[in-house]
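Per-entry structural report
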Amino acid sequence: MPANKSALRRYMIIDQVLRNSMRPYPTMDDLLNACADKDIYVTDESIQKDIRFMKDPSPNGFDAPIRYNRTHKGYEYTDPDYSIRQFALAEEDVMAVLESVDLVRSLGGGRFSHKFISAMEKVLSASLEEFGQVKQDVPVLQTMSTPECRGFEYFDLLYKACQRRIPVSFVHYNYQKRRFKSILLHPFLITEFENKWYVHGYSEQHEEVRVFGLDRLYHPMLLKLSFKPTDTAVIQSRLHDMYGVFAIRGYQKCKIRIVASAFITSYFSAYPIHASQVIKKTNGGSGIITFDLIPTLELARLFLSHGKHLMVVGPKWFKDIYEGL
Amino acid sequence: MKKLKAITPVLFHVTAGKGSLQNPYLMRVILHPHCTQLDFAYQAMKEYHRGGWIRIAAHTHLRVKGDSQRYALIEAKGIPIAPNQLDFESTADWQYFTLYFEPLPRKDLVFDMLEEEKPAPTDFNFYGIEINLAQGIPVIF
């Protein structure tokens, strides 16, 4: 659980007292008095709880080597070089981290942001005391965020699988076919698109690279099996040549051409959807827009969402798919 | 294949459906040192109003061919133990569930999962599930 700001201040004070070589082995009373000197009035139980939290292993706690020394009847760091202030930052670093925390908090993402914010709070705990913090009751940064979704709990496991190249077994449910399938995947990439998370990899069942929505996965398990790597060019292509996630099977990267009204062309100008986007405007402001992309279902859906303001010109097969949606 | 340590869980992909309706599907079997895990997938059926319901009897067990010993159900996840039941809301619903039984012996074998000794068509009985240790994949926990 992320520590609150007053708790973080107490950790700082405890750390300071424990590192004071002039008064080694501080007692509980010393710690309480040090807090009281900073206008923080707490009980023995709170300080004991703080010490327990500080001792908790990372990522939850600080892994602080605190021990009660029975001989000297006081607390000590068993590692004299230890301090939670080892993370101390300069003022501009603090501001940069605070902005990042705001952004991640705004992005949401459940466990992912929780882990990040918890880690950052620890980093900041060593610095906020010095620089203070502007208290904000409401966020000043807001991005689109959705409630935590099904399957996101597998993020850590799948991330580890991609990073360490470990094959994974899971059961997959296909929403369209309404069918389950056991999958043995050699994963290489996790992507997010429109707040939905996906894992890409070589599927032994399909004998090709496939992508699976995390929301449709059940019970993934890491397997002790030799990893089948995917060609780097394929990974690069998935990273750079697609808008969306689900490539239309059987088609390669190609030039896709659309005609958009002046109204919609303004949006494409302001928010290009891909690096390959090129707009040629007519006198009235409508645009002939081309993309060099692997065609995807998401691209077709995006075009469709603009209704009569947008028309696919080519290639013909993509136009047919678009009109058939 | 290297001989696996007895403590290593081993996974088998065994896609097998029950009866002519092929529902539920047995997706995976995992032999753990302390239990045997069976992963199932169920698609709610059009034959039943709002997809009907599912549950599993507490006395469901495994039985190895040629052996009279029963391997009892220890735990069920994703499916209630009877008389409780999971009511679907629609015929488009689905459910993934896992049953944990007492550990099967770590050897090549054929086993049945029996919800009822004399089953009705709707009971979840599966027969002739083959375990060939050479095809098992060690799981990392």
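Quantities reported herein were computed from a predicted structural model and do not represent experimental measurements.

About the criteria used
- Residues numbered from 1 in each chain as written.
- Chains lettered and ligands numbered in written order.
- Predicted model: local features only at pLDDT ≥ 70, side-chain atom pairs only at ≥ 80, totals over all residues.
- Heavy atoms only, no water.
- Helix = DSSP H or I, 4+ residues; strand = E, 2+ residues; numbered from the N terminus.
- Buried < 20%, exposed > 50% of the residue type's maximum accessible area, 1.4 Å probe, protein only.
- Contact = heavy atoms within 4.5 Å.
- Areas by Shrake-Rupley, 256 points an atom, 1.4 Å probe, with all protein chains shown as cover.
- Buried area = accessible area lost by both parts, 1.4 Å probe.
- Salt bridge = Lys/Arg side-chain N within 4 Å of Asp/Glu carboxyl O.
- Polar contact = N/O pair within 3.5 Å; in protein donor to acceptor, adjacent residues only side chain to side chain.
- Nonpolar A, V, L, I, M, F, W, Y, C, P; charged D, E, K, R; others polar.
- Pairing = 2+ DSSP bridges.
- Axes fitted to C-alpha atoms, helices over the stretch in contact; angles between N-to-C directions.
- Phe/Tyr/Trp six-rings, centres within 6.5 Å; stacked < 30°, edge-to-face > 60°.
- Lys NZ or Arg CZ within 6 Å of the ring centre and 35° of its normal.
- pLDDT = per-residue confidence, 0-100.
- 1 Å grid on protein atoms, 1.4 Å probe; cavity = no way out; pocket = protein on both sides within 12 Å on 5 of 7 lines; lining within 4 Å.
- Points joined across faces, edges and corners; volume = space filled by probe spheres on them.

1. Topic: the overall build of chain A
When helices and strands are tallied, chain A shows 11 helices and 11 strands. Every one of the 325 residues in chain A was classed for burial, and the buried ones make up 43%. Considering only contacts within chain A whose residues lie at least 6 apart along the sequence, 60% involve residues at least 24 apart. Accessible surface, chain A: about 18,300 Å² in total, of which carbon and sulfur atoms supply 53%.

2. Details of the interface of chain B and chain A
With 24 residues of chain B at the interface, the matching set in chain A holds 19 residues. Buried surface at the junction of chain B and chain A, both sides included, amounts to about 1,800 Å², of which 67% is carbon and sulfur. Summed over the three residues of chain B that lose the most area to chain A, namely Trp94(B), Tyr96(B) and Ile140(B), the buried surface amounts to 32% of that side. Joining chain B to chain A, the criterion identifies 0 salt bridges. Remark: the boundary between chain B and chain A carries 9 residue pairs in polar contact (both at pLDDT 80 or more). Residue classes in the side of chain B that touches chain A are distributed as 14 nonpolar, 7 polar and 3 charged. In the sheet, strand β7 (residues 217–223) of chain A pairs with strand β11 (residues 137–140) of chain B via 2 bridges, with the strands oriented antiparallel. Considered in β11(B), the bridge of Leu223(A) is made with Val139(B).

3. What about the sheet that holds strand β8 (residues 254–260) of chain A?
All names here are of chain A. Overall, antiparallel pairing links the 4 strands, which are arranged β9-β10-β8-β11 in an open sheet. Single-partner strands in this sheet number two, and they are β9 (278–281) and β11 (310–314). The average angle at which neighbouring strand axes cross in this sheet is 25°, direction not considered. The sheet contacts of helix α9 (residues 262–270) involve β8, β9, β10 (287–293) and β11, and relative to β9 the element is tilted by about 145°.

4. With respect to the packing of aromatic side chains
Within the structure shown, the criterion is met by 29 aromatic pairs over all chains. Relative to Phe53(A), the ring of Tyr11(A) has its centre 5.2 Å away and its plane inclined at 10°; by these criteria the two rings are stacked. Placement of Tyr11(A) in helix α1 (residues 5–18) and of Phe53(A) in helix α3 (residues 44–55) is noted, with a sequence separation of 42 residues between them. In this structure Phe53(A) comes out as buried when scored by relative accessible area, which is 17%. Following the ring pairs from residue to residue traces out a cluster consisting of Tyr173(A), Tyr175(A), Phe180(A), Tyr218(A), Trp94(B) and Tyr96(B). Its guanidinium or amino end placed over the ring of Tyr218(A), Arg150(A) lies 4.1 Å from that ring's centre, counting from NZ or CZ.

5. Observations concerning helix α10 (residues 297–305) of chain A
Helical geometry note: an α-helix holds 3.6 residues per turn, so side chains three or four residues apart project in the same direction. Residues and elements named next belong to chain A. Listed in full, the buried residues belonging to α10 are Glu298, Leu299, Ala300, Leu302 and Phe303. For α10, the secondary structure elements touched by its buried residues are β4 (179–193), β8, α9, β10, β11 and α11 (316–324). Where α10 terminates, the next one or two residues include Gly307, which has phi positive at roughly 55°.

6. Quick notes on the pairing of β10(A)
Residues and elements named next belong to chain A. When you tally the buried positions in β10, you get 5 out of 7 residues, the bulk of the element. Bridge count between β8 and β10: 7 bridges; the pairing is antiparallel. Note that in β10 the partner of Cys254 across the bridge is Leu293. Examined bridge by bridge, β9 and β10 share 4 bridges and lie antiparallel to one another. Its bridge partner lying in β10, Val278 is registered against Thr290. Between β9 and the antiparallel strand that follows it, β10, lie 5 residues; Gly285 among them carries a positive phi value of about 100°.

7. Notes on the confidence of the model for chain A
Regions with low pLDDT should not have their predicted coordinates read in detail. Model confidence for chain A is summarised by a mean pLDDT of 84, while 82% of its residues fall at 70 or above. Of all helices and strands in chain A, the one with the weakest mean pLDDT is helix α6 (residues 128–131) of chain A (52), whereas β7(A) scores best (96).

8. Some details on the layout of surface pockets
All names here are of chain A. Considering only enclosed or pocket space, the largest pocket measures out at about 1,400 Å³ in volume. Lining the largest pocket are 39 residues, with Arg210, Val211, Phe246, Ala247 and Arg249 positioned closest to its centre. Sorting the residues of the lining of the largest pocket by element identifies β3 (168–174), β4, β5 (196–203), β6 (208–213), α8 (232–240) and α10 as the ones contributing at least two each. Tallying contributions element by element places β6 first for the lining of the largest pocket, with 6 residues. Of the residues in the lining of the largest pocket, the class split is 17 nonpolar, 8 polar and 14 charged.

9. Some remarks on the pattern of salt bridges
One side chain can pair with another of opposite charge once the charged atoms of both are near each other. Residue and element names in this part refer to chain A. Here the structure, examined in full by the defined rule, presents 12 salt bridges over all chains. Ionic pairing is found between Asp320 and Lys316, a salt bridge with its closest N-O pair at 3.0 Å. Taken together, the residues Asp320 and Lys316, both in helix α11 and 4 residues apart, mark about one turn of the helix. In this structure Asp320 comes out as partly exposed when scored by relative accessible area, which is 38%.

10. Looking at unusual backbone geometry
The omega angle of the peptide bond from Gly314(A) to Pro315(A) is 5°, so this bond is cis rather than trans. If you trace the backbone, Pro315(A) turns up in the loop between β11 and α11. The amide bond that connects Ala82(B) to the next residue, Pro83(B), takes the cis arrangement and shows omega of 15°. Here Pro83(B) shows up in the loop between β6 (70–77) and β7 (86–87). The residue Asp39(A) is not glycine, and still its phi comes out positive at about 65°. For Asp39(A), the location among the structural elements is in the loop between α2 (28–37) and α3. The exposed category is assigned to Asp39(A), whose relative accessible area is 61%. One non-glycine residue, Glu194(A), adopts positive backbone phi at about 50°.

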